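# Examination of the molecular architecture
Spelled out from the first residue to the last, the chains are:
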Amino acid sequence: MGRLPANAGAKAVAIEPKQPKRVYTAGDTGLFRSDDAGETWQASAQGLPGGGVAALALDPRAPQTIYAATPDGAVDRSDDGAGSWRRLAASGGGG
Amino acid sequence: MASGLFRGIDRSQRWAPITIPADLHPDKLTLVATTAAAPTRLYVAGPGAGVLRSDDRGKTWRTNGAALPSLDVAALAVHTVRSDTLYAGIAGQGVFRTEDGGDHWLRMDDGPTSRVLALAHSPLEGSMNTGWLYAATPDGPYLSMDCF
């Protein structure tokens, strides 16, 4: 754990609502998790493809599930609190 | 990659398009916010779009950012438990709050000195009001009580 890297600009931030000391932030340099409301941060981008993150969202019913959108429009999902990631199908395919 | 608003189906294995107002260019939509307190409600926003609200999962929309000083909404967040309380960061104007679902907005403050790119509300204890606001900026995340 530690401070955010000096160049870790944030483009997105998300809070775990039932455990609000857990905060995620992300940007061009990857994704970081804090378990102390932002005092210290841990890189959590293992398995997350490079290229940065443009937006973050947590599933309110299952906050271990996190969605990260990339600047080029792809979406990655983690089901274990940002421990591992997998890429979802592209949008626009209809349903 | 199509542009517009989409809803994830089957845990987001598939995506279904959501209709947005005809006079709103989909490229202007860069922000979407939902609230567990009112699951059928959607807020969307973006630079040049203002804030729009749907109470029926995106079937119908109404513009409710008219009281904002600008349509250039750069960041948007819903209060953790109050579905009518919404926060909007306006480029160069500061952070604004509505407590009636977007009909009326009040300016809270300038926000961080760095550009606000995203906002998130937190129910973390210790606030003088109802919680805290995190702001994502190029200088990293900032934290402020949700009353300022």
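Residues numbered from 1 in each chain as written. Chains lettered and ligands numbered in written order. Predicted model: local features only at pLDDT ≥ 70, side-chain atom pairs only at ≥ 80, totals over all residues.

Scanning chain B from terminus to terminus reveals zero helices and 13 strands. Overall, chain B shows an N-to-C arrangement of helices and strands of β-β-β-β-β-β-β-β-β-β-β-β-β. Taken over the C-alpha trace, chain B has a radius of gyration of 15 Å; the compact-globule value for 148 residues is 15 Å, and the two agree within 12%. Within chain B, residue pairs in contact and separated by at least 24 positions form 34% of the contacts whose partners lie at least 6 positions apart. (Helix = DSSP H or I, 4+ residues; strand = E, 2+ residues; numbered from the N terminus. Rg over C-alpha atoms; globule rule 2.2 N^0.38 Å. Contact = placed C-beta atoms within 7 Å.)

One key point about sheets: their strands pair by backbone hydrogen bonds, in either a parallel or an antiparallel sense. Residue and element names in this part refer to chain B. On the basis of which strands lie adjacent, the open sheet formed by four strands has the order β7-β8-β9-β10 and antiparallel pairing. Sheet topology places β7 (73-78) and β10 (106-109) at the edges, where each strand pairs with a single neighbour. Between one strand axis and the next, the sheet turns through 30° on average, direction left out of account. The pairing of strand β9 (residues 94-98) with β10 spans three bridges and is antiparallel. Counted as the bridge partner of R97 is L106 from β10. (Pairing = 2+ DSSP bridges. Axes fitted to C-alpha atoms, helices over the stretch in contact; angles between N-to-C directions.)

All names here are of chain B. Within the open sheet, the three strands sit side by side as β11-β12-β13. Their pairing is antiparallel. Each having just a single partner strand, β11 (118-122) and β13 (140-145) make up the two edges of the open sheet. On average, each strand axis in the sheet is tilted by 25° relative to the strand beside it, whichever way the strands run. Across five bridges, β11 lies against strand β12 (residues 132-137) in antiparallel orientation. Looking at β12, one finds that L119 is bridged to A135.

Residue and element names in this part refer to chain A. Here strand β1 (residues 12-15) shows a buried face lined by A12 and A14 and a second buried face lined by V13 and I15. Two strands pair when backbone bridges link them, and β1 and strand β2 (residues 23-27) are joined in this way by four bridges, in the antiparallel orientation. Directly across from I15, in β2, lies its bridge partner V23. (Buried ≥ 20, exposed ≤ 12 C-beta atoms within 10 Å, placed from the backbone.)

Attention shifts here to unusual backbone geometry. Residues and elements named next belong to chain A. Despite not being glycine, A37 has its phi angle at roughly 65°, a positive value. The topology assignment puts A37 in the loop between β3 (30-34) and β4 (42-43). A positive phi angle, near 80°, is found at A82, a position not held by glycine. Within the element layout of this structure, A82 appears in the loop between β7 (75-78) and β8 (86-87). Under the C-beta neighbour-count criterion, A82 is labelled buried, with 24 such atoms within 10 Å.

Frequently, the measure chosen for interface size is the accessible area removed from exposure when the parts meet. Residue-level contacts link 29 residues of chain A with 26 residues of chain B. Counting only elements with at least two residues in the side of chain A that touches chain B, the list comes to β1, β2 and β7 of chain A. The element best represented in the side of chain A that touches chain B is β1(A), accounting for four residues. For the side of chain A that touches chain B, the residue count by class is 17 nonpolar, nine polar and three charged. (Nonpolar A, V, L, I, M, F, W, Y, C, P; charged D, E, K, R; others polar.)

Looking at chain B as a whole, its pLDDT mean stands at 91, while 98% of the residues score no less than 70. Interface confidence for the predicted complex, expressed as ipTM, amounts to 0.88; the pTM equals 0.90. (pLDDT = per-residue confidence, 0-100.)

Here the focus is the pairing of strand β5 (residues 50-54) of chain B. Residues and elements named next belong to chain B. Within β5, five of the five residues are buried, leaving the element largely enclosed by the surrounding structure. Burial along β5 is two-sided: the residues G50, L52 and S54 and V51 and R53 are all buried. Linkage of strand β4 (residues 42-46) to β5, two consecutive antiparallel strands, is achieved through a turn of three residues, within which G48 is found at a positive phi near 90°. With two bridges connecting them, β5 and strand β6 (residues 62-63) associate as antiparallel partners. In the sheet register, L52 faces β6, and the bridge partner there is T63.

Right, let's get into the nonpolar core. Ranked by internal contacts, the top residues of the largest apolar core, which has 62 residues, are A:A12, A:V13, A:L56, B:L76, B:A88 and B:L119. Sorting elements by how many residues they give to this core places β7(B) first, with six residues. Apart from the residues within four sequence positions on either side, B:A88 is in contact with B:A45, B:V51, B:L68, B:V73, B:A75, B:L76 and B:F96. (Core = buried A, V, L, I, M, F, W, Y, C linked by C-beta atoms within 7 Å.)

Here we come to the environment of B:I90. Residue and element names in this part refer to chain B. Turning to its location among the elements, I90 is positioned in strand β8 (residues 86-90). Using a count of 24 C-beta atoms within 10 Å as the deciding quantity, one classes I90 as buried. Each C-alpha atom of the pair I90 and A2 lies 26 Å from the other, and the pair is 88 residues apart in sequence.

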